[in-house]
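Chain by chain, the residues run as shown.
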Amino acid sequence: YVKSGTTWMQQIVSQLIFAGAEGLDVPGMSPWVDGYANSPEDLALLAAQKHRRFLKTHLPADALTISPLVKYIYVARDGRDVAWSAHNHHFNSTEDYLKGLNGRPAELGPVLDRGSPDPHVFYTRWLAEDGYPFFPYWENIRTWWGLRDLPNVLMVHFNDLKADFPGIIRRIAGFLTISPEPEAMERIVSHSTFAYMKAHADALIPNGDGKTQIWKGGAATFINKGSNRRWSDVLSNDEIAAYEARALAELGPDCAAWLAGK
């Protein structure tokens, strides 16, 4: 789901494939294949690639053909953290971004505005309308959780990336059957940190086509804080309980506990 660490995961995988190389055009070589801005020409470039392909999608699992020839890494994050991050993404978007979305209502739904500067207001509607102004949250989690026991599916929690970064990179490398040399692994870890991505945001994050921009302040706005629980001092006890009850009802006890990082 959006704002769960997918772009971060792209960087990790790119570094594993290319042994910690600098200057990789990650957005160019690894498109968001279900993104609304893709053209047939963009996607045709994939057929010409000679390296190991790695693609990004935000689709629920039941919208894909799950192939035994493909490995899938699903990264998830507590919905409250997702909403706080999504607010930064949406509220700090440009008019170009909104025009791109609102110019295609038949495909992308009702006309959107930037909304409130208050993330609490954003979260309240996001929860009530299941992912507004993006797409359904619970279905996305639920469908991938159902595939968690497949040998070619790896479930990664955003908290894992924060708690033991070198360890989770080694786990991902093992899943992808990549065995970097020790010095390459040092580069891979260094080039995949949140701080590195923030410092190199202009190269790693697509921010328009040169004539238009997606975020005010540039690509670094996309890579905001990478922090969790900004909601903990904002939501009331009743709101926290309501979220937890919704997660339990939507996902069941095991998935809800995993998603909460318990």
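What counts, and where the lines are drawn
Residues numbered from 1 in each chain as written. Predicted model: local features only at pLDDT ≥ 70, side-chain atom pairs only at ≥ 80, totals over all residues. Heavy atoms only, no water. Helix = DSSP H or I, 4+ residues; strand = E, 2+ residues; numbered from the N terminus. Buried < 20%, exposed > 50% of the residue type's maximum accessible area, 1.4 Å probe, protein only. Contact = heavy atoms within 4.5 Å. Axes fitted to C-alpha atoms, helices over the stretch in contact; angles between N-to-C directions. Parallel < 35°, antiparallel > 145°, perpendicular 65-115°, else oblique. Left-handed = near helix turned anticlockwise from the far one by under 90°. Nonpolar A, V, L, I, M, F, W, Y, C, P; charged D, E, K, R; others polar. Salt bridge = Lys/Arg side-chain N within 4 Å of Asp/Glu carboxyl O.

**Student:** Can you walk me through the overall build of the chain in this structure?
**Tutor:** Per the secondary structure count, the chain includes 15 helices and two strands. Sorting the 262 residues of the chain into buried and exposed places 45% on the buried side. Residue pairs at least 24 apart in sequence account for 72% of intrachain contacts in the chain once pairs closer than 6 positions are excluded.

**Student:** What is the right way to read the packing of helix H8 (residues 138-145) against helix H14 (residues 237-251) from this model?
**Tutor:** A pair of packed helices can be characterised by two numbers: the angle between their axes and the separation between those axes. At a minimum axis distance of 10 Å, the contact between H8 and H14 shows a crossing angle of 45 degrees. The angle between the axes of H8 and H14 places the two elements in the oblique class. Our pair here, H8 against H14, has a crossing hand that is right-handed. Contacts from Trp138, Ile141 and Arg142 of H8 reach H14 at Tyr243, Arg246, Ala247, Glu250 and Leu251. Its residues assigned to classes, the contact of H8 with H14 comprises five nonpolar, no polar and three charged.

**Student:** Even after reading the chapter, I still don't get the pattern of salt bridges, so can you show me in this structure?
**Tutor:** Following the criterion strictly, the structure yields six salt bridges and no others. Two residues, Arg80 and Glu244, come together in a salt bridge whose shortest N-O distance is 3.9 Å. Separated by 164 residues along the polypeptide, Arg80 in helix H4 (residues 79-91) and Glu244 in helix H14 bring together distant segments of the chain. Its relative accessible area of 4% is what places Arg80 among the buried residues. Accessibility expressed as a relative area gives 38% for Glu244, which makes it partly exposed. Between Asp160 and Arg171 there is a salt bridge, with its nearest N and O atoms 3.9 Å apart. Of this pair, Asp160 sits in helix H9 (residues 158-163) while Arg171 sits in helix H10 (residues 165-175), and the two are 11 residues apart along the sequence. Judged by relative accessible area, which is 28%, Asp160 ranks as partly exposed. Classification of Arg171 by relative accessible area gives partly exposed; the value is 40%. The structure contains a network of salt bridges with shared partners spanning Asp78, Arg80 and Glu244.

**Student:** Mind showing me how you'd approach the packing of H10 against helix H11 (residues 182-191) here?
**Tutor:** One can describe the packing of H10 onto H11 by two numbers: an axis separation of 10 Å at closest approach and a directional angle of 115 degrees. Viewed along their axes, H10 and H11 form a crossing whose handedness is right-handed. Residues Phe165, Pro166, Ile169 and Arg170 of H10 touch H11, and the partners they reach there are Met185, Ile188 and Val189.

**Student:** Is there a simple way to explain the environment of His51 in this structure?
**Tutor:** Note on placement: His51 falls in the loop between helix H3 (40-48) and strand E1 (72-76). Along the chain, His51 and Ile17 lie 34 residues apart, while their C-alpha atoms are 8.4 Å from each other. Other than its neighbours up to four places away in sequence, His51 contacts Phe18 and Met29.

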